[in-house]
Every structure is written in C-alpha cells, then in structure tokens.
Amino acid sequence: MRDALRRRSARHRAWLEVEAWGYPHLSARGRWEPPKGADGEVLPGVYRFQVRGVVQDKARYVDGGRTHAVEHPNSLDGPLNLSSLSFHARLTLLSVDFLDASKNPVSTLKVGKWENAFNAGPTVKDNFIDLDPDRFYVRVNDQSKKRTGKVSVKLSTDSTGTDYDDDATEIERNEEPANSGIFISTNMLMVSDDVDDDFTNPNVVADDTKNDRTHKIALGGKVKVQYPETGTVICEEEANVPPSLKAIDVNVIILRDKSAATGGVPVIAVATVSNFWNIAKERYAQVGVDIQWTGPTVEDPPAGVDLSDWLQVLDTSTSTVLSAEAKTLISAVGTANTTADIHVFYVNRIAVGSSFAGGLAVADFYFDESDDPFAYNMFINSSTSSPWGGYAAAHELTHLTTDAGHPTADTWRLMHGAVLTTTGAAGSRRLTASEETTIRGNSHVH
Ligand SMILES: [Zn+2]
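Residues numbered from 1 in each chain as written. Predicted model: local features only at pLDDT ≥ 70, side-chain atom pairs only at ≥ 80, totals over all residues.

So, the sheet that holds strand E25 (residues 359-361)
Strand pairing in a sheet is mediated by backbone hydrogen bonds. Such pairs are either parallel or antiparallel.
Next up, step 1: An order of E20-E19-E22-E26-E25 is seen for the five strands of this open sheet, with the pairing classed as mixed. The strands lining the two open edges of the sheet, one partner per strand, are strand E20 (289-299) and E25. Averaged over all neighbouring strand pairs, the angle between strand axes comes to 20 degrees, with direction disregarded.
Next up, step 2: Bridging between strand E22 (residues 343-346) and strand E26 (residues 377-380) involves four bridges; their strand directions are parallel. The residue bridging histidine 343 from the neighbouring strand is asparagine 377, located in E26. (Pairing = 2+ DSSP bridges. Helix = DSSP H or I, 4+ residues; strand = E, 2+ residues; numbered from the N terminus. Axes fitted to C-alpha atoms, helices over the stretch in contact; angles between N-to-C directions.)

Here it is as structure tokens:
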C-alpha cells in the first residue's frame, strides 16, 4: 500500500483522519496530526495506528483543506477481533522546498553578490558558490524514493518579458542523509546577467546543462522547481526574487553636441544609453533595488553650456565646487534647487580642470556645502564601450546612493577608483553587503 499524497505547499497544515466503524457501539473516529520537525514541516514516515473494533475502515489525509484518499491496508482479514485491530498507513508526503545557505526553508531568494568569490588577480575561486551567503539549495522529500540515492527536479525562472527567463534545467539531488527519502541539491546561486549565468569553472557546468548552478533572473521574477523532472509534475514550489524589492528613479538625458537648429546631433545614441541602463539594472539586482529609469530624452545644450570645448564640470582638478557651466546645465535641463530627483546627463566629454573624466557624480560628501542643491545629479561621457557604459552608470549612481567615493582598490568591485574593468565575471561588477545596506537605506530608494 502506497499513496502518493500530493502536497502543494510545505506550509499547509496537514493531518491524517482515521474513521472506523463496525458494530455501531464500537464506531470510532479520530484525528491525528503527523509529527513535525523543528521547522514546522511534516515529517514523512510510516505511522502505526490502533483502531478499535474495525470491521470496515477508512482513512483520509487532509492537507490545507483538501482531502486525499489514503489506501488502507487490505490485510484486514482473518478472524474479526472486536477488541483491537492495528494497521498502518503509509503516508507518502511529497514536498519541494527552497533552502537558504543555512538549509532553512525560505520562500524568497536573492541575487548573489559573489561575496568572498575572488582571489587576487582577480580570478573567481573554484568554490565561490560555497562561500556566498546568498546561495540556496532545493530539497525534495519523497518517501516513496527512499534508498534510491537520487531524484531530479526541473528548475526554471520567469521574469517580466523573456530576456531574463532561464531555461528549465535538470537538477539532480542526492539523498541526504542516506536512505532518508530526503534529497538535497548542491548549492546554487541566482544571477542577473548572461556573463554570470554562462560562467563555468571546474565546479560549475555550462549554462542550462544538467546540474547547472547559476540561474538568471530579473528583480520581481520567480524561481520555480518542479518535481519530478520528467513526466507529470506532482509537486512544485516557487520563490520570489528578491525578499523585499525596492526601487530608485533616474531621469536620463542625452545632450546634442550643439543645437538641433545648427545641425547638432546626440552625443550618444538613445539605444546605446538604454542598453547601458539595462546593464546598470542588472548590477543593482544584487542589492534588490530596481533602477526605474525614464528617457533617454535628447536635449539641446541650454544657453551657457558650450560643448565645443567639452562640459567643464570642475574648474580645477582639486576643486570641490561645481563649475558655472555644470550648474547651468542642471538648472536648465534637470531640476533646479532640489535634490528630490536624480538626473544623469550624457555629454561628449567631461572636463575636470585640464584633464578628463569618464563620469562624475555630484555626491554630497565631496562637494562644498554651497553646492548642496545640486546633489543627486551625474554626468557621463559619450563612450559607447560596453559593458563599460553600463558599469559606469551603476558606479556613478552608487556614488549618490552611498554618498561615498572609492572605498577599495579591488577591481572586481563596482566602486573601485581606477578605470572600470569589463573582463567577464571578474570585471568591476560587484557590490558588497555593506554597500547593499547603505544603498537600500538611501532616501531616494523606495
Ligand atoms: Zn567613481
């Protein structure tokens, strides 16, 4: 006797109901709740019941308000014993759960920041997923597969649109502990772009092949596991990414090199800039903050802004006061005298004294108090280098959201101070846990 009792969610209440009757005076009805583990999960197993006076019996399993038949033993033959009769029912409870790094069940997952992932070089450590606090596992509990050693699930993701949907991938789970009917995957990591999704090393197989450990998603998406991997799905579970979604609004403006009326053209293409801000969104997925950018709108340089000699943002390389030209641009094309909104201006080239910068953010910590009304603006040059332009967008925004400069020389970090590198997974892409806390606490993040 074996019953595959489908259990949709591990969080439903569940119990076994036993009813028995025979001679009217011996009818019995009882309700019994299976034992639960420390995490509140029903512990599957074979349970033994004593039912008095059984002539006929029936048992049913009630899960979250739904009732399932439980096949009772058909061995109730032999002489009728009115004093007691025992039978046991095999409850096969199926569940699929997401587990966090400590192997506790969770209903939400985070995009990993690849914390602790890098050796000097930098290179990605072979065991980087094992070291990431945002890693996760999938657990299958199927007592009918006890002692089989292995089961497989199908893992896929679904985000708005299709760009971030990760194909269903077979993930094998090993029985842990041995012969327990409980199967736990190796640890895995949610990632936000193709560079991380396609990453391989001796411990990480090619994208979407069996037991792939990195899975792509966009913020607001869901991770789904289905069990079993082939045939009819009898159990599935979803996790939302991230645990607590926040957002930040950015207005994107591209200047023409001179007025349209005098033959001016945008310093950089709208499509290029749009792609850069999508890359910036991928970077901010690490901190659970959705960059909601609007634009890009294309504008003429306003009166007082002459891009033929670049945009002079600082008059000297050590100045902590914005130039008159930069203030004119912010006031005319952005919003004057408020730090409530964020603008980014694409110009042909940013002059700082007699040298140049790729980007510059008007972060309060750096600029003189007299410039406070101009904070929460940034300038980026017209380089079309990709993904540099996307990293630069996220980098300059982070000067604003952390109100800080360059805390590191580690080139794998987004906020290091030299030229941002774009070399694969070890490029200048990562935010840290402490930056996450600061960014999520910024007044512009809602
Ligand atoms: Zn910087």
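Quick notes on the packing of helix H2 (residues 270-284) against helix H4 (residues 388-402)
Next up, step 1: Following both chains from N to C, one finds H2 and H4 inclined at 60 degrees, their axes separated by 7 Å at the closest point. Taken together, the axes of H2 and H4 are oblique relative to one another. Relative to H4, H2 is oriented so that their crossing is right-handed. Contact residues: H2 offers Thr272, Phe276, Trp277, Ile279, Ala280, Arg283 and Tyr284, while H4 offers Gly389, Gly390, Tyr391, Ala393, Ala394 and Leu397.
Next up, step 2: Residue classes in the contact of H2 with H4 are distributed as nine nonpolar, three polar and one charged. (Parallel < 35°, antiparallel > 145°, perpendicular 65-115°, else oblique. Left-handed = near helix turned anticlockwise from the far one by under 90°. Contact = placed C-beta atoms within 7 Å. Nonpolar A, V, L, I, M, F, W, Y, C, P; charged D, E, K, R; others polar.)

Re the sheet that holds strand E24 (residues 355-357)
Next up, step 1: Spatially, the three strands line up as an open sheet ordered E21-E23-E24, and their pairing is mixed. Two strands close off the open sheet at either side, each with one partner strand: strand E21 (311-314) and E24. Here the strands of the sheet are splayed against their neighbours by 45 degrees on average, with no regard to which way each runs.
Next up, step 2: Relative to E24, strand E23 (residues 350-352) is paired through three bridges, and the arrangement is antiparallel. What sits directly across from alanine 351, in E24, is phenylalanine 356.

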